[in-house]
2 protein chains.
Amino acid sequence: MAVSQNIKVAVDAVVFGYTSKEGLSVLLIKRNIPPFKDAWALPGGLVGDLESLEDAIHRELKEETGISINYLEQLYSFGQPNRDPRNRVISITYYGLVKPDAFELHADTDAADVAWFNIKNIPQLAFDHAEIIQTAHDRLKNKIQYQPLGFELLEEKFPFSELEKLYTTVLDRPIDRRNFKKKITGFGFLEETKEKQQLTGAGRPGNLFRFNEEKYFRLKKDGITFEV
Amino acid sequence: MAVSQNIKVAVDAVVFGYTSKEGLSVLLIKRNIPPFKDAWALPGGLVGDLESLEDAIHRELKEETGISINYLEQLYSFGQPNRDPRNRVISITYYGLVKPDAFELHADTDAADVAWFNIKNIPQLAFDHAEIIQTAHDRLKNKIQYQPLGFELLEEKFPFSELEKLYTTVLDRPIDRRNFKKKITGFGFLEETKEKQQLTGAGRPGNLFRFNEEKYFRLKKDGITFEV
């Protein structure tokens, strides 16, 4: 390994947040160092010599945003030679989907600020971070076609319309509602309770649903085949 | 970017080969430098400061095995701190599936030899390369459930049994033949010709099939939902 190499390795995270009221959002930090000082960017930074990639991204998230998430998945490695104006930096990226209310944000180290931005309202970003978010969103849309979604994001009991809304929000398009209900209840990870939805307006209240935890996590592991 | 970092970046490729006679194989090189001198390993090497990750893996493949493949996909980045005994090296890996007959192998630079090994008969490998092959095989099995497979691997016209054999070989398990035929012909990327299969033994010869190129590549792009 005599070959000299002048490349640095960073990790960056696309943390998506979902609430039924606000929709899909992305966690961003405001840079307080150049380049792109004062621009918004994904949380992340250089990997320490002795830490694993996973430890590095968890440390960076904790340092720059104050949050701890232990179920990020690797997304893709971005390595175009000119993606950082200072030096060649390859970014190994991670992504995850969480409930924003569960986290208290706190900017520190390289971050002057930290905030959730709705995915339809992302500001101009540093580096190639807009492309990284696009790649993560595409992966997320794809992922919900082979893994169930919602356990960590919805209330314990929820009207079926809440699950529909989650899927249409993540997919960013309408779905065939009747077909969706038929298919998704067919997997068996949803249970219909006998409790009724509390309606604020008019209409006939439907039953509330809950996840069957055992089946949900088995299907998450084994995979589903689901075309919404 | 004052932070010093002592990490190198490599690319490695898992090139799968498929023939109906030999099944699924993996392209390996024999190392002629330490560590793991004389052990078999995946082709790959350090990324040049000015080349993209894709250019690096194509250059390494060309140098070490003599072959050119321009449709590799990124697989995963392996970054455990101790995976190389010399120095911290993160490997960004790629994978692809080709027809071995189309390539003439020629070992050079860091490789003393190069050969295809059947996936059921892989020798002891250098570094964490056995784990990388396992990850690539899992990804390949998953991929054929959302993309059609076979266009570059089978003859222009082929008996249906050849397509079945391709799927069972890649999946490494039996499939429900009747269900498979019904589902896969339903996508429309296969055309049944009027030509009959030449049978060497007894039995009723079936018609030959061919791919509808336009539909095949459209479905490859748009995705299929296929549970074998």
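Throughout, residues of each chain are indexed from 1 in the direction in which the sequence is written. Throughout, the order in which chains and ligands are written sets their labels, letters from A for the former and numbers from 1 for the latter. Only residues with pLDDT of at least 70 get local features here, since the model is predicted, and only at 80 or more are side-chain atom pairs given and counted; chain-wide, interface and lining totals rely on the full set of residues. Side-chain calculation: all heavy atoms of the structure are included, whereas hydrogens and water are not.

Trainee: Account for the relation of the copies chain A and chain B, naming residues and giving values.
Mentor: To superpose the copies, least squares is applied to the C-alpha atoms of every residue with a pLDDT of at least 70 in both. Mapping chain A onto chain B is achieved by rotating through 180° and translating by 0.0 Å along the same axis, at an RMSD of 0.0 Å. Here the symmetry operator amounts to a two-fold rotation axis. Here 97% of the contact residues of chain A are again contact residues in chain B; the copies associate through an equivalent surface. The contact criterion used is simple: two residues touch if any of their non-hydrogen atoms lie within 4.5 Å.

Trainee: Break down unusual backbone geometry for me, with residues and values.
Mentor: Residue A:Pro34 is joined to A:Pro35 through a cis peptide bond whose omega torsion reads -5°. Within the secondary structure, A:Pro35 is located in the loop between strand 2 (23-31) and strand 3 (40-41). The residue A:Phe36 is not glycine, and still its phi comes out positive at about 60°. Positioned with a positive phi, B:Asp38 is a non-glycine residue whose angle comes to about 75°. In this description a helix means any DSSP run of H or I spanning at least four residues, a strand means any run of E spanning at least two, and both kinds are numbered starting from the N terminus.

Trainee: Tell me about the UniProt feature "domain: Nudix hydrolase" (unreviewed entry) in chain A, and name the residues and values.
Mentor: UniProt positions are given in the numbering used here, feature names are shortened, and annotations may be inferred rather than shown by experiment. Under the present numbering, the feature "domain: Nudix hydrolase" (unreviewed entry) in UniProt falls on residues 6-141 of chain A. Helix makes up 19% of residues 6-141 of chain A and strand 38%, with an end-to-end C-alpha separation of 36 Å.

Trainee: Provide a residue-level description of the pattern of salt bridges, including the pertinent values.
Mentor: Whenever a carboxyl oxygen of Asp or Glu lies within 4 Å of a side-chain nitrogen of Lys or Arg, that contact is scored as a salt bridge. For the coordinates displayed, the defined rule picks out 26 salt bridges over all chains. With a shortest N-O distance of 2.4 Å, B:Glu73 and B:Lys143 are connected by a salt bridge. With B:Glu73 in strand 5 (residues 73-78) and B:Lys143 in helix 2 (residues 129-143), this residue pair connects regions lying 70 residues apart in the sequence. Each residue gets one of three labels from its accessible area relative to the maximum for its type: buried under 20%, exposed over 50%, partly exposed in between, using a 1.4 Å probe on protein chains only. Judged by relative accessible area, which is 12%, B:Lys143 ranks as buried. Here B:Glu152 ties to B:Lys220 by a salt bridge, and the two come within 4.0 Å at their closest N and O atoms. Of this pair, B:Glu152 sits in the loop between helix 2 and strand 8 (158-159) while B:Lys220 sits in helix 5 (residues 213-222), and the two are 68 residues apart along the sequence. When its relative accessible area of 33% is taken as the criterion, B:Glu152 is described as partly exposed. Connected through salt bridges with shared partners, the residues A:Glu51, A:Arg59, A:Glu60 and A:Glu63 form a single ionic network.

Trainee: Please set out the packing of aromatic side chains residue by residue, giving values where relevant.
Mentor: Residue and element names in this part refer to chain B. Aromatic pairs are defined between Phe, Tyr and Trp rings, using the six-membered ring for Trp, whenever the two ring centres lie within 6.5 Å; interplanar angles under 30 degrees are classed as stacked, those over 60 as edge-to-face, and all others as tilted. Applying the stated criterion across every chain yields a total of 36 aromatic pairs over all chains. Considering the side-chain rings of tyrosine 167 and phenylalanine 226, the 6.0 Å spacing of their centres and the 90° angle between planes classify their relative orientation as edge-to-face. Residue tyrosine 167 is located in helix 3 (residues 160-171), and its partner phenylalanine 226 is located in the segment after helix 5; the two are separated by 59 residues in the primary sequence. Of the two residues examined, tyrosine 167 and phenylalanine 226, each falls in the buried class. Geometrically, the ring pair formed by phenylalanine 189 and tyrosine 216 is edge-to-face, given 5.7 Å between the ring centres and 80° between the ring planes. Residue phenylalanine 189 is located in the loop between helix 4 (177-186) and strand 9 (190-196), and its partner tyrosine 216 is located in helix 5; the two are separated by 27 residues in the primary sequence.

Trainee: Give me the interface of chain A and chain B: which residues, what numbers.
Mentor: Counting residues at the interface gives 33 residues for chain A, matched by 32 residues for chain B. A 1.4 Å probe defines the accessible area here, and the buried area is the portion of it lost by two parts on being joined, summed over both. Both faces combined, the contact of chain A with chain B buries some 2900 Å², and carbon together with sulfur accounts for 54% of it. In this assembly, chain A and chain B are joined by 0 salt bridges. Any pair of N or O atoms that falls within 3.5 Å is considered a polar contact. Within protein, one atom must be able to donate a hydrogen and the other to accept it, and sequence-neighbouring residues count only if both atoms are side-chain atoms. Linking chain A with chain B are 15 residue pairs in polar contact (both at pLDDT 80 or more), by the criterion used here. For the side of chain A that touches chain B, the elements supplying multiple residues, two or more each, are strand 1 (7-19), helix 1 (53-65), strand 5 (73-78) and strand 6 (88-98) of chain A.

Trainee: An account of the packing of helix 3 (residues 160-171) of chain A against helix 4 (residues 177-186) of chain A is needed here, citing residue identities and associated values.
Mentor: Residue and element names in this part refer to chain A. The axes used here are C-alpha line fits, helices contributing only the stretch in contact, and every angle between their N-to-C directions lies in the interval 0 to 180 degrees. Where helix 3 meets helix 4, the axes come as close as 11 Å, and the angle between the chain directions of the two elements is 105°. With respect to helix 4, the element helix 3 is oriented roughly perpendicular. The residues of helix 4 that touch helix 3, namely those facing Phe160, Leu163, Glu164 and Tyr167, are Arg177, Phe180, Lys181, Ile184 and Thr185. Under the scheme applied, nonpolar residues are Ala, Val, Leu, Ile, Met, Phe, Trp, Tyr, Cys and Pro; charged residues are Asp, Glu, Lys and Arg; polar residues are all the others, including Gly. Here the residues of the contact of helix 3 with helix 4 sort into 5 nonpolar, 1 polar and 3 charged. Any angle from 65 to 115 degrees is called roughly perpendicular, while one under 35 is roughly parallel, one over 145 is roughly antiparallel, and all others are oblique.

Trainee: Explain the pairing of strand 1 (residues 7-19) of chain B to me, and be specific about the residues and the numbers.
Mentor: Residue and element names in this part refer to chain B. Counting buried residues in strand 1 gives 13 out of 13 residues, a clear majority hidden from the surface. Judged by which residues are buried, strand 1 turns out to be covered on both faces: Ile7, Val9, Val11, Ala13, Val15, Gly17 and Thr19 on one side and Lys8, Ala10, Asp12, Val14, Phe16 and Tyr18 on the other are all buried. Relative to strand 6 (residues 88-98), strand 1 runs parallel, the two being bridged by 11 bridges. Bridge assignment links valine 9 to a residue of strand 6, and that residue is isoleucine 90. With 3 bridges joining them, strand 1 and strand 4 (residues 44-46) adopt antiparallel strand pairing. Along strand 4, the bridge assignment pairs valine 11 with glycine 45. Two strands qualify as a pair provided that DSSP identifies no fewer than 2 bridges between them.

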